[in-house]
Each structure stands twice: as C-alpha cells, then as structure tokens.
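Tertiary structure, described
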Amino acid sequence: MRILFSSTPAHGHLMPLLPLARAFRDRGDDVAVLTSAAFGPMLDAERLTLLAVGPEMPELLAEGARRAGADDPTAPDPAIAAELFAGARIALTADAAIAAAREFRPDVIVAEATDYVGPFVASELDVPYAKHAFGPLIPAEFTDVFDAVAERAYKERGLSVPTPAWYVDPCPEILQGPGWQPPQGHLPLRAEAYRGPGPTEATASAPSLAVRARPKVLLSFGTHFGQPALLRPIVDALAPTADLVVTLGLTATAADYGDGLDGVEFVGFTPLAELLDDVDLVVTHGGAGTTLGTLARALPMVVVPQGADQFLQAGAVAGARLGVAVMPPAGPQAVAEATAQVLGDIGFRNNARRAADQIAAMPSAREVADQLAAALA
C-alpha cells in the first residue's frame, strides 16, 4: 500500500496523524507526509518520508488574514479560519502538492480535519481519502464556511469536492456534543499522548497517586500559544500552592520568564507522554492533542483557550466535568481558583478515568490501519 498523509503545517495538526502513520509504516507500507519543509527533522526521526510543499504557517496566517480582512488570524471566527485553511492553503500549496502526490502515486490519502489540500489532491488524482479528526466534531458553522471557500477553488479547476470514504476519529464519546452521531465511514481510533519517535505504541500508565505535600501541575500551552508574557502571571498565581512543570514551546527559554521562580521546573519541547507520568493536573490552552493525550492518562484539567479550536475543547471538557474552562477575559486568579476546584473535587478525576476507559476501549492505530488496508485491497 502507498499511504499519503496530508496536514496543515502546524504541530497540533500533524502530531495526531503520527500514530496511524507509524502503524502503516510498521506494516511495511510506503508512507509519505505532505506538509511544509519545517517538519523534515521530526518526520526523519519517525522514519516517514516528507513531501515538502507549501509555505510555513506564518505566511499562511498572514495570507489568510489578508484575504479575510482581519487583524488577528488566530481569532475563532469561521470566515477568518476558512480563508486560512481553505483559501490561503489551497492557493499557495495545491499545485506543488498535486505534483508531489502524482509522483508518489498514493492508494489513499489521509487528511487531518482542517486540511483542504489533501482532499484537493485526492480529487485531482481520483483516489479515495480518509478524514482524520483530532478532537470533537468541528461545528457546521465553521465547516460549512470552510467548504464554501474550498468549493470555489475546486470549481476553478473543474473538480468536484470529494466526500471522505472514512472518518478516523480519536475523540471519545464523552467529549462529543449532545446529540452527536457518528459520521459516515466512522472509524474510532485510540488516542495517545504524543510520545516522539518509536517503533511501537506506548502503553499508557495510570496517573500518579503519590502522596505529596503539594499537588504537581503541568502548565502547557502547546507549541505556539505559550508566550512567557501570558504564562508568567499564571505561574505566579499557581506557584504558592502547587509544584509546577512549565513547557517552553518552540522558542522560549526559562530566562524569558524572569527571576524569582527557582521552584518552577521549565522544560523545552518534550513529548507530552513524558510529562504526564507524575502530575496531578494539567493546565492547558486546550489544543486537541493535549486534551486527548491528557484524558488518555485519566488526568483532569483546567482549560484556558486562546484561539483556534481551543474553545471547542474547553466547552467539551467543562460540559463533561472533566475539568474547568476559564474563558477570556478571566485572569490568572481565575485559573488558580479553577485549579483548586478541580484538585479538591474527586468527581473530576473520576470523570477523567471514565474518559480514559473509553479511549482505551477504542481500536489501536494498527487495527485501524489493517481495517483501511483491507477496505482498499
């Protein structure tokens, strides 16, 4: 089999594809990933072939904002997001993507949920594609606008918008909205915290139940939203009552946080799976990968959304009482109060355990890869 994965050039979009990509790789299939050149080192370490196409995310954000006439390209507005994911990305990436994919000759394309280049290539090459979700089903108020923008690009080429043959879904039912129904071709997939390169699927450990004088809290706002100016006030609010592990994202350093934080542990870019082994709670921006990875370890959370789809995860977490959402413009003290609330109520941990049980019962990446391969045979 020749499997082509396609992703928006952002860690939070690419990393949820890796378990299934590894599974196909370990089956002996030919696997390639269609995204920007910046992810070459990560994919080399994963022993996955990169088909480097299109600009990096900053250029896409700028072009999406220009097309939408917006100042903030990360605002959770359907029109702005549509011009980023569908408008700008198809315009700046599709030609190179089609050329690279034509040479690779895929049997199937697996595209993450906001990737509109993969389906475009699938239509041009007349091959089936699978949509790979990374969190709760994105509301129609967003996807309808995305699809309308994408359809214009399809019509310009005389193409038809393809319907995904499969919907690969790592989101447990507990996080889905009221009245949720599985989409056509639904294939559940067991979520896991990002663990870095490795030949086999990680085994999720139970959350730590160590007796501590103070709780241990992981503060992680992902690869792009964790600016020290935003997180330092939250650190100051949490540090008096909790031991903190703070992730630095891709570019920050501990020095950027200033002085007076000797008791805080700062870590550079580290697989989430390594950070969850010995904490009691995660305070996060609510990226889908962080949210599902945390729940896979039966850990409750406090979600402080900043943009993109994070408000969707925040609402889902709060609605299922897997944690507490702290919505803007609430400040650091509200985060500290939410942290104390979650740590003081065993119900949140019990619900996180239910989510972890649902995730553990979902098919493994290898089982899903085998299912897809059998359907394509």
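Sequence order as written defines residue numbering, which begins from 1 separately in each chain. Where totals are concerned, whole chains, interfaces and linings use all residues; where local detail is concerned, this predicted model gives features only for residues with pLDDT of at least 70, and gives and counts side-chain atom pairs only at 80 or more. For side-chain calculations, the full set of non-hydrogen atoms in the structure is used, while hydrogens and water are omitted.

**Focus on unusual backbone geometry**
The general pattern is negative phi for most residues beyond glycine and trans for most peptide bonds. Across the junction of Pro328 and Pro329, the peptide omega takes the value 10°, indicating a cis bond. With a phi close to 60°, Arg105 is a non-glycine residue in the positive phi region. By the criteria applied, helices consist of DSSP H or I runs no shorter than four residues and strands consist of E runs no shorter than two, each listed in order from the N terminus. Along the chain, Arg105 falls in the loop between α5 (78–104) and β4 (108–112). For every residue, the accessible area (1.4 Å probe, protein chains only) is compared with the maximum for its type, and the residue is labelled buried under 20%, exposed over 50%, or partly exposed between those bounds. Relative accessible area serves as the criterion here: at 54%, Arg105 is assigned to the exposed category. Here the phi dihedral of Asp126 falls at roughly 60°; this positive angle occurs in a residue that is not glycine.

**Focus: the packing of α5 against helix α6 (residues 117–125)**
Here the axes come from fitting lines to C-alpha atoms, over the contacting stretch only for helices, and the angles between their N-to-C directions go from 0 to 180 degrees. Between α5 and α6, the shortest axis-to-axis distance is 9 Å and the interhelical angle comes to 50°. On the basis of the axis angle, α5 is oblique to α6. Both α5 and α6 take part in a crossing whose hand is right-handed. Of the residues in α6, those touching α5 at Arg89, Ile90, Thr93, Ala94, Ala97, Ile98, Ala101 and Arg102 are Val117, Phe120, Val121, Glu124 and Leu125. Three categories are distinguished: nonpolar for Ala, Val, Leu, Ile, Met, Phe, Trp, Tyr, Cys and Pro, charged for Asp, Glu, Lys and Arg, and polar for the others, with Gly belonging to the last. Classifying every residue of the contact of α5 with α6 by side-chain character gives 9 nonpolar, 1 polar and 3 charged. For classification, angles of less than 35 degrees are called roughly parallel, those exceeding 145 degrees roughly antiparallel, those between 65 and 115 degrees roughly perpendicular, and all remaining angles oblique. With the far helix as reference, a near helix turned anticlockwise by less than a right angle produces a left-handed crossing, and one turned clockwise produces a right-handed crossing. In this description, contact between two residues means that some pair of their heavy atoms is separated by no more than 4.5 Å.

**What to know about the nonpolar core**
Definition used in this section: a nonpolar core is a set of buried Ala, Val, Leu, Ile, Met, Phe, Trp, Tyr and Cys residues joined via side-chain atoms within 4.5 Å. Membership of the largest hydrophobic core comes to 41 residues, with the highest contact counts inside it found for Leu4, Leu34, Phe120 and Val121. Mapped by element, the contributors of at least two residues to this core are β2 (30–35), α4 (57–68), α5, β4, α6 and α7 (140–157). For this core, the element with the most residues is α5, which contributes 13 residues. Non-local contacts of Leu4, meaning those with residues more than four positions away in its chain, are made with Ala32, Val33, Leu34, Leu51, Ala101, Phe104, Pro106, Val108, Ile109 and Val110.

**Here's the deal with the environment of Val302**
Relative to the assigned elements, Val302 resides in strand β12 (residues 301–303). Sequence separation between Val302 and Thr143 is 159 residues, and the spatial gap between their C-alpha atoms is 27 Å. Aside from chain neighbours lying at most four places away, what touches Val302 is Leu281, Val282, Val283, Thr284, Val324, Val326, Val335, Ala338, Thr339 and Val342.

**Description of the side chain of Arg89**
Following the sequence through the fold, Arg89 ends up in helix α5. Contacts of Arg89, omitting those with residues within four sequence positions, involve Ser7, Thr8, Pro9, Leu34, Leu60, Leu84, Ala94, Asp115, Tyr116 and Val117.

**Overview of the confidence of the model for the protein chain**
Every residue carries a pLDDT, the predictor's confidence in it, which falls somewhere between 0 and 100. Of all residues in the protein chain, 96% have pLDDT values of 70 or greater, and the mean over the chain is 92. In the model, residues 199–208 has pLDDT below 50 throughout and makes 24 contacts with residues more than four positions away in sequence or in other chains.

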